[in-house]
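Here's the letter readout for the chains.
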Amino acid sequence: HRNGHFIVGVSPWTRQIHSEIDRVAAYDSGVLITGPTGTGKELISRAIHLASARADRPFVPVDCAALGGELFASHMFGHVKGAFTGAHYAAMGAFRAADGGTIFLDEIGDLEPMMQAKLLRVIQEKTVVPLGSYDGQPVDVRIIAATNRDLQEEVYAGRFREDLFYRLNVVSLQTLPLRQRPEDIEVLARHILHKLAIEAGLPLKQLASSAIDLLRAYDWPGNVRELCNQLERAVVFCKDEYLRAESMPQLVEAVIGERRADEASRFAAPLSHPIWRR
């Protein structure tokens, strides 16, 4: 990887995102990364952190959809001993753990209204107040947030604070679904197979042309995350040196199903459709 970039591909979008990562990393501005699930939003945030002057300080990811209420407030801002039932020890919280570094707030669109207000206060005052305490603790943290929702629409609907949206959305980066950058699929697949061999100890497999054709034909609703999952399953069950289309029977069935659905929709078209005027 180059300058900490883990975004693999050859598409115009991949080249553009590498350039944007370098540009954004030079500053401490808030970043909002939007795009579908499984398209590498956390990878982009890590790449920004590793290419920045904060690279030797912590990178702390937080899943805003995982917890709610008091537990999440404690996870974010910490608590003092005895702050609530079961708080037998003081806890630092994600913001203080990330001091000097970067905090990555994933699925920021799922943040509860009360937590949105608390987060806005932290951003404005650059201090956190642990649960059970009145003393603010100064923090120097760069905030990168990500969501698969349209936050502007969430603001219009009254589900997301407008002032917080503008604080987070100083710089916006957008990811693309895999189906919109098909030229990346083969490169990504080969990269994933090497990674599985090195990190998971699985046998290194090569891609036969039938497998490449199949990977390109599929729509990838789960994007890169789904690609990783499908390839790992195929490697586990493949006895040959090469992955072929038949090594991924679920994908074969899915592609056949997609094609049948396309054919059905074509022939169900109204008589005015161009297909009937040929």
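Residues numbered from 1 in each chain as written. Predicted model: local features only at pLDDT ≥ 70, side-chain atom pairs only at ≥ 80, totals over all residues. Heavy atoms only, no water.

Bringing the overall build of the protein chain into the picture now. The helix and strand inventory of the protein chain stands at 11 helices and nine strands. Scored against the burial criterion, the 278 residues of the protein chain give a buried share of 43%. Taking the contacts inside the protein chain whose residues are at least 6 apart along the sequence as the reference set, 71% of them involve residues at least 24 apart. Accessible surface, the protein chain as shown: approximately 14,900 Å² in total, 52% of it carbon and sulfur. (Helix = DSSP H or I, 4+ residues; strand = E, 2+ residues; numbered from the N terminus. Buried < 20%, exposed > 50% of the residue type's maximum accessible area, 1.4 Å probe, protein only. Contact = heavy atoms within 4.5 Å. Areas by Shrake-Rupley, 256 points an atom, 1.4 Å probe, with all protein chains shown as cover.)

All right, on to helix α8 (residues 185-199) then. Side chains three or four residues apart in an α-helix point the same way, a direct result of the helix having 3.6 residues per turn. The first and last C-alpha atoms of α8 sit 20 Å apart over 15 residues, in line with the 21 Å expected at 1.5 Å per residue. Summarising the contacts, the buried residues of α8 are in contact with β8 (206-207), α9 (209-217), α10 (223-237) and β9 (242-243). One or two residues past the end of α8 sits Gly201, with phi positive at roughly 70 degrees. (Expected span 1.5 Å × (residues − 1).)

Of all six residues that make up strand β6 (residues 142-147), six are buried, and the element is covered over most of its length. Side-chain alternation along β6 places Arg142, Ile144 and Ala146 on one buried face and Ile143, Ala145 and Thr147 on a second face that is also buried. Summarising the sheet, strand β3 (residues 102-106) and β6 pair through four bridges and their orientation is parallel. Across the sheet, Phe104 pairs through a bridge with Ile144, a residue of β6. (Pairing = 2+ DSSP bridges.)

We now examine the environment of Gly35. Structurally, Gly35 is set in the loop between β1 (31-34) and α2 (41-50). Sequence separation between Gly35 and Leu176 is 141 residues, and the spatial gap between their C-alpha atoms is 6.3 Å. Not counting chain neighbours up to four residues away, the residues in contact with Gly35 comprise Lys41, Thr147, Asn148 and Thr175.

All of the buried residues in α2 are Lys41, Ile44, Ser45, Ala47, Ile48 and His49. Residues of α2 that are buried sit in contact with α1 (12-25), β1, β2 (59-63), β3, β6 and β7 (171-174).

Next up on the list: the nonpolar core. Grouped together as the largest cluster of nonpolar side chains are 32 residues, with contacts concentrated most on Met76, Phe95, Ile103, Leu105, Ile108 and Leu119. Taken together, the elements giving at least two residues each to this core come down to β2, α3 (69-77), α4 (94-97), β3, α5 (113-125), β6, α6 (151-156) and α7 (162-168). A total of five residues in this core trace back to one element, the largest contributor, which is α5. Apart from the residues within four sequence positions on either side, Leu105 is in contact with Val62, Cys64, Met76, Leu119, Ile143, Ile144, Ala145 and Ala146. If you look at the next biggest cluster of nonpolar residues, it comprises 27 residues, including Val8, Ile192, Ile212 and Met248. (Core = buried A, V, L, I, M, F, W, Y, C linked by side-chain atoms within 4.5 Å.)

With their axes 11 Å apart at the nearest point, α3 and α5 run at an angle of 15 degrees to one another. Viewed along their axes, α3 and α5 adopt a mutual orientation that is roughly parallel. The way α3 lies across α5 gives a crossing that is right-handed. When α3 is examined against α5, the residues Phe72, Ala73, Met76 and Phe77 are found in contact with a partner set consisting of Met115, Lys118, Leu119 and Val122. (Axes fitted to C-alpha atoms, helices over the stretch in contact; angles between N-to-C directions. Parallel < 35°, antiparallel > 145°, perpendicular 65-115°, else oblique. Left-handed = near helix turned anticlockwise from the far one by under 90°.)

The subject of this paragraph is the sheet that holds β3. In spatial order, the strands read β2-β3-β6-β1-β7; together these five strands make up an open sheet with parallel pairing. The open sheet has two free edges, formed respectively by β2 and β7, since each of these has just one partner strand. For this sheet the average axis-to-axis angle between neighbouring strands, irrespective of direction, equals 20 degrees. Pairing of β1 with β7 involves four bridges; the strand directions are parallel. Residue pairing in the sheet places Leu32 in a bridge with Ser172 of β7. In this fold α2 packs onto β1, β2, β3, β6 and β7, with an angle of close to 155 degrees to the strand it touches most, β2.

Attention now goes to the packing of aromatic side chains. By the definition in use, this model includes four aromatic pairs. Measuring from ring centre to ring centre gives 5.8 Å for Phe77 and Phe95, while their planes differ by 25 degrees; the resulting arrangement is stacked. Here Phe77 is found in helix α3, whereas its partner Phe95 is found in helix α4, with 18 residues between them in sequence. What makes Phe77 buried here is its relative accessible area of 5%. (Phe/Tyr/Trp six-rings, centres within 6.5 Å; stacked < 30°, edge-to-face > 60°.)

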